[in-house]
Amino acid sequence: MSAILSVKDLSVTFDVRPQGAWPWTPPLKLHAVSEMSFDLEAGQCLGVVGESGSGKSTLARAIVGTVPTSGGQVNFEGGDLASMGPAERRVHRRDVQMIFQDPLAALNPRMTVGEIIAEPLVTHEPGVSREERKKRVRELMERVGLLPNLINRYPHEFSGGQCQRIGIARALILKPKLLICDEPVSALDVSVQAQVVNLLMELQRDMGLSMIFIAHDLSVVKHISDQIIVMYLGRQMEMATAETLTTVPEHPYTQALISSVPIPDPVLEKARVRPVLEGELPSPLAPPSGCVFRTRCPKAQNSCAGDRPAMQALGNGHFVACPYHQAEEVLAAS
Amino acid sequence: MYPNPSTVEALEDAALLAEVQGRSLWADARTRFFRNKAAVVSLVVLALIALFALFGQFLTQYERDTVDFALMGANAHKGAPSFETGHYFGTDNSGRDLFARVVQGTGISLMVGIVGAMVAVIVGTLYGAVAGYFGGRIDNIMMRIVDVLMSIPFMFVLILMLVIFGRSIFMLFLGIGLISWLDMARIARGQTLTIKNKEFVEVAHATGVHPMKIILRHIVPNLLGIVIVYATLLVPSMIIFESFISFLGLGVQEPNTSLGALISEGAGSMQYGTLWQLIFPLIFFVLTIFSFFFVGDGLRDALDPKDR
């Protein structure tokens with residue numbers, strides 16, 4: 001198995017102008033994502049978790065190419081997407097598609113569902129005839145669980161779950177190789193979440209898709225992913241297979257994250273001890289030196305402020321960015 | 001009396017298979033607009049005025065530039081509006097039929113308004129959308145150009161243009177076209193800034209849709225609501241603008257005329273007892289302006305139901 005997507009030292013920084021600054025003062029650098037490296041095997045699903053503001057969405061946008069990268073490589077099928085010019089890049093966009101968090105906001109309110117789903121097709125295969133296009137849209141609508149006769153309806157006439165299905169259909173019409181899901185279910189209610197996640201898993205299996213699945217809900221990510229990356233303030237904290245990460249996490253942040261997932265059993269829930277994280281996420285404009293998590297880490301020591309901890313391999317695809325890591329059995333929600 | 005079960009099934013199948021026609025936001029807005037009585041009445045009045053301007057000439061036997069020498073100087077008692085002489089609106093100081101002249105004046109005034117609004121909609125919207133979408137330096141340069149153009153006193157420039165190049169309808173259109181799009185460009189840019197951060201624009205970008213296509217397919221249709229409202233309100237202000245120019249005696253050239261020129265003429269001879277020369281053009285002027293305002297109001301309520 002070879003990696004379909006290989007990200008090396010990817011960094012994204014944004015220029016932020018301090019308020020009331022002169023035009024010539026240098027802007028502040030906001031480090032949204034720094035030095036992320038990972039490989040995604042073809043046909044696998046990579047989960048990305050982390051709290052709000054940890055740079056998950058920026059990572060997704062950097063891979064898709066709607067946000068400019070400031071360093072590193074995004075190798076997709078051998079070519080570095082990050083260093084391509086806009087025209088060359090546009091050709092490659094058909095193979096990498098994305099699903100967004102807010103299902104309704106991702107659909108143009110002035111276009112019918114048919115036009116929305118067909119847009120990637122019109123863009124990348126302009127030669128396809130109108131009938132053929134319509135046929136493919138209807139097939140795909142059926143495939144994602146929408147009635148094909150709703151093809152002429154407008155987005156505001158659909159529910160959130162249906163809108164997300166439209167988004168999925170649009171992302172899949174070109175049969176992409178990589179699908180990036182940016183919190184696709186967080187805006188939906190729980191019963192619909194399950195349907196959409198199951199639909200995504202089914203589609204991944206049937207179409208041989210590789211996926212990056214971003215969420216802040218660990219239980220959803222665990223359900224769908226093969227590998228999981230934990231992010232904190234734009235940096236990788238831990239990476240492991242879904243099973244390992246949720247049962248024997250090594251990094252103190254992962255442990256805190258997992259123990260914050262409630263267990264739907266009042267007896268167990270009451271009995272377990274959970275390390276509670278104090279404080280807020282530090283500002284990405286001025287991240288802490290060394291390990292960015294040290295300001296909230298229960299195991300922080302003086303040396304954590306020194307060098308940034310490197311990712312250590314623990315074997316079996318398990319990497320952790322903490323020198324004081326310690327396996328800890330956590331009671332996770334199933 | 002129960003329907004045959006197979007019929008019921010067939011009906012259900014048909015209901016499932018038939019394509020449902022969705023109700024677009026435009027269709028919703030249309031329904032809301034037609035529920036607004038003042039707006040609908042104004043629309044009818046506007047349609048009648050447009051018909052009057054287009055076909056009014058066929059209702060009278062006089063041409064707009066034929067001088068009736070018998071009436072010259074005897075205007076106050078012989079040139080009054082009457083059905084017997086065929087001068088429905090009376091005659092002007094030179095003995096020309098006022099009806100024919102009002103027909104032509106209304107036509108020119110409407111044209112000026114509509115051309116001004118069209119230039120604003122096409123040039124202003126595209127200019128603003130491009131500036132807003134690309135942002136950064138392009139936006140800065142494009143909008144500073146607008147600022148510079150706006151800071152030029154346009155009445156002065158237009159008067160100079162009319163004096164230097166001669167008075168013609170074409171010059172008038174050019175002058176009005178030059179200024180009308182500036183405000184529209186600013187409005188369109190402001191709206192584009194909010195729309196371009198919506199996720200559906202990002203999706204299109206991520207899919208690889210060309211930037212110009214994104215602007216035309218995703219941004220402009222979502223701008224259009226506000227643009228249409230502004231355009232309908234722009235038409236009357238263009239008409240007023242042209243009337244002002246004509247009132248100063250710089251607009252349309254004789255024997256052509258516009259409502260502004262007719263009002264100016266009528267106002268000049270008011271004290272000689274020929275009030276109809278003022279009243280008839282004024283009625284058409286006021287009706288047109290009011291109707292446009294009401295239609296614009298109705299459109300705003302229909303297209304932007306949140307703001308009511």
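Residue numbers restart at each chain and count upward from 1, following the sequence in its written direction. Following the order in which they are written, the chains are lettered starting with A and the ligands numbered starting with 1. Owing to the predicted nature of the model, reporting of local features is limited to residues with pLDDT of at least 70; listing and counting of side-chain atom pairs is limited to 80 or more, with chain, interface and lining totals taken over all residues. With hydrogens and water stripped out, all remaining heavy atoms of the structure feed into the side-chain values.

## Quick word on the overall build of chain B
Heads up, the condition is: Starting at the N terminus, helices and strands are each numbered in turn, a helix being any DSSP run of H or I of at least four residues and a strand any DSSP run of E of at least two. Burial classes follow relative accessibility: with a 1.4 Å probe on protein chains only, a residue under 20% of its type's maximum area counts as buried, one over 50% as exposed, and anything between as partly exposed. Residue contacts are defined here by distance: any two heavy atoms, one from each residue, within 4.5 Å place the two residues in contact. We get accessible surface area from the Shrake-Rupley algorithm with a probe of 1.4 Å; when it comes to residues, only the shown protein chains can shield them.
Within chain B, the secondary structure is distributed over 12 helices and 0 strands. In chain B, buried positions account for 46% of the 308 residues. Long-range contacts, defined here as pairs at least 24 residues apart, represent 75% of the contacts in chain B between residues at least 6 apart. Carbon and sulfur atoms form 69% of the exposed surface of chain B, whose accessible area is close to 15,500 Å².

## Thoughts on the sheet that holds strand 5 (residues 79–80) of chain A
All names here are of chain A. So the rule is basically this: Strands are labelled as partners when DSSP assigns at least two bridges between them.
Here 4 strands make up an open sheet; going across it, the order is 2-1-4-5 and the pairing antiparallel. With partners counted over all chains shown, the strands left at the sheet margins are strand 2 (28–41) and strand 5, one partner each. The pairing of strand 4 (residues 71–76) with strand 5 spans 2 bridges and is classified as antiparallel. Considered in strand 5, the bridge of Asn75 is made with Asp80.

## A closer look at the pairing of strand 7 (residues 178–182) of chain A
Residues and elements named next belong to chain A. The following threshold applies: Call a crossover right-handed when, viewed with both strands pointing away from you, the route from the first strand across the helix to the second goes clockwise.
Counting buried positions over the 5 residues of strand 7 gives 5, a clear majority of the element. The side-chain alternation of strand 7 yields two buried faces, one formed by Leu178, Ile180 and Asp182 and the other by Leu179 and Cys181. Of the strand pairs in this sheet, strand 6 (residues 96–99) and strand 7 are connected by 4 bridges, and their pairing is parallel. Considered in strand 7, the bridge of Met98 is made with Ile180. Of the strand pairs in this sheet, strand 7 and strand 8 (residues 210–214) are connected by 5 bridges, and their pairing is parallel. Bridged to Leu179 within strand 8 is Met211. For the handedness criterion, the β-α-β arrangement of strand 7, helix 6 (residues 190–207) and strand 8 is classed as right-handed.

## Remarks on the domain arrangement of chain A
All names here are of chain A. To be explicit about the condition: Domain ranges listed in this record stem from an automatic or a database domain assignment. Buried area is calculated as the accessible area (1.4 Å probe) missing from two parts once they are joined, with the contributions of both summed. Salt bridges are defined by distance alone: a side-chain nitrogen of Lys or Arg within 4 Å of a carboxyl oxygen of Asp or Glu. N or O atoms within 3.5 Å of each other form a polar contact, as long as, within protein, one can give a hydrogen and the other can take it, and as long as residues adjacent in sequence are counted only when both atoms are side-chain atoms. Here the term charged refers only to Asp, Glu, Lys and Arg, the term nonpolar to Ala, Val, Leu, Ile, Met, Phe, Trp, Tyr, Cys and Pro, and the term polar to all other amino acids, Gly among them.
Parsing chain A into structural domains produces domain 1 (3–18 + 27–232) and domain 2 (247–334). Relative to domain 2, the C-alpha centre of domain 1 lies at a distance of 28 Å. For the pairing of domain 1 and domain 2, the buried interface totals around 1,400 Å² over both sides, and the portion due to carbon and sulfur atoms is 65%. Our count for the domain 1 to domain 2 interface comes out at 2 salt bridges. Glu35 is the partner of Arg308 in a salt bridge, and the nearest nitrogen-oxygen pair spans 3.3 Å. Viewed at the interface, domain 2 and domain 1 are joined by 5 residue pairs in polar contact (both at pLDDT 80 or more). Looking at the side of domain 1 that touches domain 2, the elements with two or more residues in it are strand 2, helix 7 (218–224) and strand 9 (227–232). Of all the elements, strand 2 adds the most residues to the side of domain 1 that touches domain 2, at 6 residues. Of the residues contributing to the side of domain 1 that touches domain 2, the split by class is 8 nonpolar, 7 polar and 4 charged.

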